Structures are given as C-alpha cells and as structure tokens.
Amino acid sequence: MGDKLVRFSITIPKELLEYIDKNLINKGYSSRSEFIRDLVRETIVNDRWSEGKDEVVGVLTVIYDHHQRELTQKMIDLQHSKYINIICTTHVHLDHHNCLETIIISGKPSEIESISVKISGLKGVKFAKLTKTSKLEI
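Summarised in this report is the structure supplied together with it. All figures in this text were calculated on a predicted structure; none of them were measured in a lab.

About the thresholds
Residues numbered from 1 in each chain as written. Predicted model: local features only at pLDDT ≥ 70, side-chain atom pairs only at ≥ 80, totals over all residues. Heavy atoms only, no water. Pairing = 2+ DSSP bridges. Helix = DSSP H or I, 4+ residues; strand = E, 2+ residues; numbered from the N terminus. Axes fitted to C-alpha atoms, helices over the stretch in contact; angles between N-to-C directions. Contact = heavy atoms within 4.5 Å. Disulfide = S-S within 2.5 Å. Buried < 20%, exposed > 50% of the residue type's maximum accessible area, 1.4 Å probe, protein only. Parallel < 35°, antiparallel > 145°, perpendicular 65-115°, else oblique. Nonpolar A, V, L, I, M, F, W, Y, C, P; charged D, E, K, R; others polar. Salt bridge = Lys/Arg side-chain N within 4 Å of Asp/Glu carboxyl O.

### Description of the sheet that holds strand S4 (residues 125–133)
In spatial order, the strands read S2-S3-S1-S4; together these 4 strands make up an open sheet with antiparallel pairing. Because the sheet does not close on itself, it has two edges, and the strands there are strand S2 (85–93) and S4. The mean inter-strand angle of the sheet, taken between neighbouring strand axes irrespective of direction, is 15 degrees. Judged from the 8 bridges that link them, S2 and strand S3 (residues 98–107) form a sheet pairing that is antiparallel. Looking at S3, one finds that His-91 is bridged to Glu-101. The strands touched by helix H2 (residues 32–51) are strand S1 (56–65) and S4; relative to S4, the strand with the most contacts, the crossing angle is about 105 degrees. Contacting S1, S2, S3 and S4, helix H3 (residues 71–81) runs over the sheet at an angle of about 170 degrees to S1.

### Details of the state of the cysteines
One pass over the structure, following the stated rule, counts 0 disulfides. Left without a disulfide partner, Cys-88 is nearest to the cysteine sulfur of Cys-99, which lies 16 Å away. Taking the relative accessible area as the measure of exposure, Cys-88 reaches 33% and is therefore partly exposed. For Cys-99, a relative accessible area of 0% puts it in the buried group.

### A look at the packing of H3 against helix H4 (residues 109–120)
Where H3 meets H4, the axes come as close as 10 Å, and the angle between the chain directions of the two elements is 170 degrees. Judged on the interaxial angle alone, H4 and H3 are roughly antiparallel. Where H3 abuts H4, its residues Met-75, Leu-78 and Gln-79 lie against Ile-115, Lys-118 and Ile-119. Residues belonging to the contact of H3 with H4 are distributed by class as follows: 4 nonpolar, 1 polar and 1 charged.

### Here's the deal with the pattern of salt bridges
What the rule picks out here adds up to 7 salt bridges. One salt bridge connects Arg-37 with Glu-34, and the closest N-O pair in it is separated by 2.9 Å. Here Arg-37 and its partner Glu-34 are both found in helix H2, 3 residues apart, which amounts to about one turn of the helix. For Glu-34, a relative accessible area of 22% puts it in the partly exposed group. Its salt-bridge partner being Lys-132, residue Glu-113 comes within 3.0 Å of it at the nearest N-O pair. Placement of the pair is Glu-113 in helix H4 and Lys-132 in strand S4, with a sequence separation of 19 residues. What makes Glu-113 partly exposed here is its relative accessible area of 30%.

So yeah, pure geometry; function would need other evidence.
Spelled out as structure tokens, the structure:
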C-alpha cells in the first residue's frame with residue numbers, strides 16, 4: 001500500500017458500534033477501518049461536488065421507454081449541448097419496451113447536475129439517478 005497509516009481511537013455509543021459491525025458483515029468490509037475510510041472518502045466526494053470548483057465524474061443511470069417518440073434523439077442532443085465530457089455510454093435492452101442506459105460524464109458539478117435533471121425530465125424516462133464521484137488522491 002505504501003501509505004503511512006495512523007492509528008487513532010474514537011468513542012461512540014455501543015449501539016452505533018453494533019450497527020457498524022452489522023453493516024461490515026452485510027457489505028463485505030474486511031475491517032472497521034476500511035468502513036470508516038469509505039465514509040471519509042464519500043464525504044470528500046460530496047465536498048468536491050458541493051464546492052463546485054474541481055472537475056468531477058457522475059454516472060447517470062436512466063431507464064426509459066424506447067418507443068417514446070424522439071426520446072433517444074433528445075437525450076443525444078442534450079449530451080452534445082453542454083460543456084461536459086461524455087466519457088462513455090452503455091445501452092442495454094431490458095425488454096421490448098424498456099432500455100437502460102448509463103452515461104458517464106465528467107465536468108463541473110453544476111453542469112453535470114443540469115444535464116442530469118434535463119434528461120430525467122424528458123417524457124418517457126421512467127427512472128433516472130445520478131451517482132456522484134470524483135478522483136481521490138487520498
């Protein structure tokens with residue numbers, strides 16, 4: 001790993017520790033330390049999105065009715081209309097009517113959120129969720 005690790009202790013209520021331990025098992029964490037590291041990393045990502053200065057990455061997951069007239073063209077037009085970088089899209093046919101698409105987007109948080117809201121609001125979109133992330137150098 002090469003990183004210098006620092007050991008520290010925290011004091012928390014017993015019930016909270018029991019909750020953490022239960023979730024460690026359910027989510028496959030190898031230790032309490034790794035669980036806490038993930039919580040801190042998640043906070044860092046959320047801070048980067050809130051600050052809005054740095055380029056971040058989002059994954060927009062969309063389920064839509066592919067029979068909805070001109071929906072796919074509207075989605076493509078939106079992806080080309082902003083100063084964001086569409087890194088990759090994945091398209092999956094779920095059944096005769098429904099498609100699932102993931103759109104990996106990099107750019108400023110406000111721009112990614114704006115395009116996500118616009119795509120989510122298109123007629124024929126049944127579900128849309130933006131997952132926020134960013135580079136972590138910690």
